[in-house]
Amino acid sequence: MTNENDILLVRMNDLASKAIKTGCAASKFLSPAEAQSAAERFSRRRDVMLAFDGGYEGAERTRAIFTNPDWGNYERTELFAALKIVHRPQDVLGHRDILGALMGLGIERGTIGDILVNEPFAAFVCLPELGGYIAEHFTKAGRMGIEASVISLDELPVHEEELTIKTDTVASLRLDAVLCAAFGLSRTKVVEYIIAGRVSLNHQLCLKPDKEVSEQSLLSVRGLGRVKLMEVGGVSRKGRSFVKIGLYGR
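Residues numbered from 1 in each chain as written. Predicted model: local features only at pLDDT ≥ 70, side-chain atom pairs only at ≥ 80, totals over all residues. Heavy atoms only, no water.

Asks: Is there a simple way to explain the nonpolar core in this structure?
Replies: Side chains of nonpolar character tend, in soluble globular proteins, to be buried together. Core analysis: the biggest nonpolar cluster contains 24 residues, and Leu 175, Leu 179, Val 199, Val 213, Leu 219, Val 227 and Ile 245 have the highest contact counts within it. Mapped by element, the contributors of at least two residues to this core are α6 (175–183), α7 (187–195), β10 (199–201), β12 (218–221), β13 (225–235) and β14 (241–248). The leading source of residues in this core is α6, at eight residues. Contacts of Leu 179, omitting those with residues within four sequence positions, involve Gly 184, Val 190, Ile 194, Val 199, Leu 219 and Val 221. Grouped together as the second largest cluster of nonpolar side chains are 21 residues, Ala 81, Leu 83, Leu 93 and Leu 99 included. (Core = buried A, V, L, I, M, F, W, Y, C linked by side-chain atoms within 4.5 Å. Buried < 20%, exposed > 50% of the residue type's maximum accessible area, 1.4 Å probe, protein only. Helix = DSSP H or I, 4+ residues; strand = E, 2+ residues; numbered from the N terminus. Contact = heavy atoms within 4.5 Å.)

Okay, structure coming up:
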């Protein structure tokens, strides 16, 4: 039986073939897990270049952009549109409110990128061909009246999440060892979380406690939070590796 990941990779292969012929081809917006899967399959190809872009630096939902190496770089403004949402000060507009209202307009999830709400104003990214339509028809989110207008990508209220830095040593770069250091848990508890399917490595479920973790890997434990293995340093006298770990939202 063909699974969703197989279908995704077939679509990505079609885009790669199109880019070789036409110069550039881009997917709809992908989840982090979908982007990771595409990167693992296509990032090492020599006949086509692959980049992931969500319209601004640090975007979570991105488009896979294939380009012919002989063609040149793509222009962000041709692949993304950004919209600002204005609402009454007394109304609280959340991510789910915006997404639900957009779906109510018949807009598919894959055509919408990141939705930014905890900023000076709410905004989101979408495919460029939808910008004008949404600006005209996106007038309500639930019972709240809103007004949407197209803005430049440079106007997006991007907020970089600060990390709390923690340094420690680990016996190895196994997944369970890094998580023990990150969350201050026993190996027994960490292994329980992994086997229970609560742990993701680079946005993909990982059930292997001995899976090796590399620098810049993202790890998450459902119910505990997310961390990044930022740096692997030297080795202590006892043979343990020094690591620098960034904890989100702490």
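Following the structure, the description resumes.
Asks: Help me understand the sheet that holds strand β1 (residues 24–30), please; the structure alone is not making it clear to me.
Replies: Either a parallel or an antiparallel arrangement is found when strands of a sheet pair, and the pairing is made through backbone hydrogen bonds. The three strands lie next to each other as β1-β3-β2, forming an open sheet whose pairing is antiparallel. Since the sheet does not close on itself, it has two edges, and those belong to β1 and β2 (49–53), each with one partner. On average, each strand axis in the sheet is tilted by 20 degrees relative to the strand beside it, whichever way the strands run. Where β2 and strand β3 (residues 62–67) come together, five bridges link them in antiparallel fashion. Within β3, the position partnered with Asp 53 by the bridge is Arg 63. Across the sheet, helix α1 (residues 4–22) touches β1 and β3, and the angle it forms with β1 is around 155 degrees. With respect to the sheet, helix α2 (residues 32–42) is in contact with β1, β2 and β3, its orientation differing from that of β2 by roughly 165 degrees. (Pairing = 2+ DSSP bridges. Axes fitted to C-alpha atoms, helices over the stretch in contact; angles between N-to-C directions.)

Asks: Looking at this model, I keep getting lost on the pairing of strand β6 (residues 122–126). Mind explaining?
Replies: Regular strands place side chains that alternate from one sheet face to the opposite one. Within β6, five of the five residues are buried, leaving the element largely enclosed by the surrounding structure. Taking every second residue as pointing to the same face, both faces of β6 are buried, with Ala 122, Phe 124 and Cys 126 on one and Ala 123 and Val 125 on the other. Both strand β5 (residues 112–116) and β6 contribute to a ladder of three bridges, which runs antiparallel. For Ile 112, the partnering residue across the bridge sits in β6 and is Cys 126.

Asks: Explain the packing of aromatic side chains to me, please; I cannot follow it from the model alone.
Replies: Two aromatic rings are characterised by how far apart their centres lie and by the angle between their planes. Across all of its chains, the model carries three aromatic pairs by this definition. With a centroid separation of 5.7 Å and 85 degrees between ring planes, the pair formed by Phe 42 and Phe 66 is classed as edge-to-face. Taken together, the residues span a long stretch of sequence, with Phe 42 in helix α2 and Phe 66 in strand β3 at a distance of 24 residues. Judged by relative accessible area, Phe 42 falls into the buried class, the value being 4%. (Phe/Tyr/Trp six-rings, centres within 6.5 Å; stacked < 30°, edge-to-face > 60°.)

Asks: What am I meant to see in the pairing of β13 here?
Replies: Bridging between β12 and β13 involves four bridges; their strand directions are antiparallel. The residue of β13 that forms the bridge with Val 221 is Gly 225. Counting the residues between successive antiparallel strands, the hairpin from β12 to β13 contains three residues, one of them, Gly 223, with a positive phi of roughly 100 degrees. One ladder, built from six bridges, connects β13 with β14; its direction is antiparallel. Residue pairing across strands places Glu 231 opposite Lys 244, the latter belonging to β14. A loop of five residues connects β13 with β14, the two strands running antiparallel in sequence, and Gly 239 in this loop sits at a positive phi of about 85 degrees.

Asks: Looking at this structure, I do not really get the packing of α6 against α7. What am I missing?
Replies: Each pair of packed helices gets described by two things: the angle between the helix axes and the distance between those axes. Following both chains from N to C, one finds α6 and α7 inclined at 115 degrees, their axes separated by 9 Å at the closest point. For the pair α6 and α7, the crossing hand works out as right-handed. Together, Leu 175, Asp 176, Leu 179 and Cys 180 of α6 and Arg 187, Val 190, Val 191 and Ile 194 of α7 make up the contact between the two elements. Its residues placed into classes, the contact of α6 with α7 shows six nonpolar, no polar and two charged. (Left-handed = near helix turned anticlockwise from the far one by under 90°. Nonpolar A, V, L, I, M, F, W, Y, C, P; charged D, E, K, R; others polar.)

Asks: Before we go on, may I ask you to explain unusual backbone geometry in this structure?
Replies: Excluding glycine, residues mostly have negative phi values, and the peptide bonds linking residues are mostly trans. The phi angle at Gln 216 is positive, at roughly 75 degrees, despite the residue not being glycine. When you line up the elements, Gln 216 lands in the loop between β11 (204–205) and β12. When its relative accessible area of 46% is taken as the criterion, Gln 216 is described as partly exposed.

Asks: Looking at this model, I keep getting lost on the side chain of Asp 176. Mind explaining?
Replies: One can find Asp 176 in helix α6. Look at Asp 176 and you get buried, because its relative accessible area is 1%. A polar atom in the side chain of Asp 176 sits 3.0 Å from the side chain of Arg 187. If we ignore the near neighbours within four places in the chain, the residues touching Asp 176 are Arg 187, Val 190, Val 191, Ile 194 and Pro 209. (Polar contact = N/O pair within 3.5 Å; in protein donor to acceptor, adjacent residues only side chain to side chain.)

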